[in-house]
Amino acid sequence: MKRFGIVLIFALITATGSHAQDFKMPMNLERLSAKASETTEVTLDGRMLQLAAKFMNDEGDREAREMVKKLKGIYVRSFQFDSPGAYSEADVEAVRSQLKSPLWEKIVNVRSKRKGENAEIYFKGDNPDRIDGLVIIAADPKELTIVHIDGPLDPSDIEKLGGDFGVPRVEVHPKTKPAKAGAQ
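No experiment lies behind these values; they were computed from the predicted model shown.

**Re the sheet that holds strand β2 (residues 73-80)**
Next, step 1: Taken together, the 6 strands give an open sheet; going across it, the order is β1-β2-β6-β5-β4-β3, and neighbouring strands pair in antiparallel fashion. Of all strands in the sheet, those bounded by a partner on one side alone are β1 (38-45) and β3 (105-111). Strand-to-strand twist in this sheet, taken as the mean axis angle between neighbours without regard to direction, amounts to 10 degrees.
Next, step 2: Of the pairings in the sheet, the one linking strand β4 (residues 118-124) to strand β5 (residues 131-140) comprises 7 bridges and is antiparallel in character. Bridge pairing links N118 to A139 in β5.
Next, step 3: The sheet strands contacting helix α2 (residues 46-54) are β1 and β2, and the helix crosses β1 at an angle near 90 degrees.

Shown next as structure tokens:
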């Protein structure tokens, strides 16, 4: 996941725009919760985000609070399964099909045949300094996670949201390993 976070931040920094289009979590995802050993569902529309922003600490969360006030919604669906094969490619394709139009731009596509881990990141927006929406699809044989952040985002905003509202933490500045003694 650390590598995924680094790829996400790189994609946010290098993103260029496209046009806005609504994205909705497909209804077929809800049936996966019956098969999952663990399910996380976060649904925060604009009204709920405004309410949540009021409870954020003025000093420590000021930047995050200001960013959250601008968002239209944060939606997360995450399913963990006891065994591989509990969800199908058709379940994932129901998400992808909404993102194939020219209004969304696929920025990241990570595939690991060895581990079966896949990650895709899509952006929407027509301003190179800002993103108007973000969808992340992270899939491995025993887990499927879809994150949709709707609304204006500066590329640095993802780091501010990490760990809140079900959005995974991402590391913007990867820690470097100390040099070995005697290495030149």
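**Let's talk about helix α4 (residues 89-96)**
Next, step 1: Along α4, the residues that are buried comprise D91, V92, V95 and R96. End-on, the buried residues of α4 take up no more than an arc of 140 degrees, which puts them together on one face.
Next, step 2: Along its buried surface, α4 packs onto β3, β4, β5 and β6 (143-153).

**Comments concerning the environment of A86**
Next, step 1: With respect to the element layout, A86 can be found in the loop between β2 and α4.
Next, step 2: A86 sits 58 residues away from L144 along the chain, and the two C-alpha atoms are 9.9 Å apart.

**Focus on the pairing of β6**
Next, step 1: Counting buried residues along β6, 9 of its 11 residues qualify, which places the element largely inside the surrounding structure.
Next, step 2: Taken together, the 8 bridges between β2 and β6 define a ladder with antiparallel strand orientation. Note that in β6 the partner of F79 across the bridge is L144.
Next, step 3: Where β5 hands over to β6, the hairpin turn is made up of 2 residues, counted between the paired strands.

**Considerations on the side chain of D150**
Next, step 1: Here D150 is to be found in strand β6.
Next, step 2: By relative accessible area, D150 is classed as buried at 11%.
Next, step 3: The residues contacting D150, other than those within four sequence positions of it, are L71, K72, G73, K124 and D132.

Criteria and thresholds
- Residues numbered from 1 in each chain as written.
- Predicted model: local features only at pLDDT ≥ 70, side-chain atom pairs only at ≥ 80, totals over all residues.
- Heavy atoms only, no water.
- Pairing = 2+ DSSP bridges.
- Helix = DSSP H or I, 4+ residues; strand = E, 2+ residues; numbered from the N terminus.
- Axes fitted to C-alpha atoms, helices over the stretch in contact; angles between N-to-C directions.
- Contact = heavy atoms within 4.5 Å.
- Buried < 20%, exposed > 50% of the residue type's maximum accessible area, 1.4 Å probe, protein only.
- Arc of directions from axis to C-beta.

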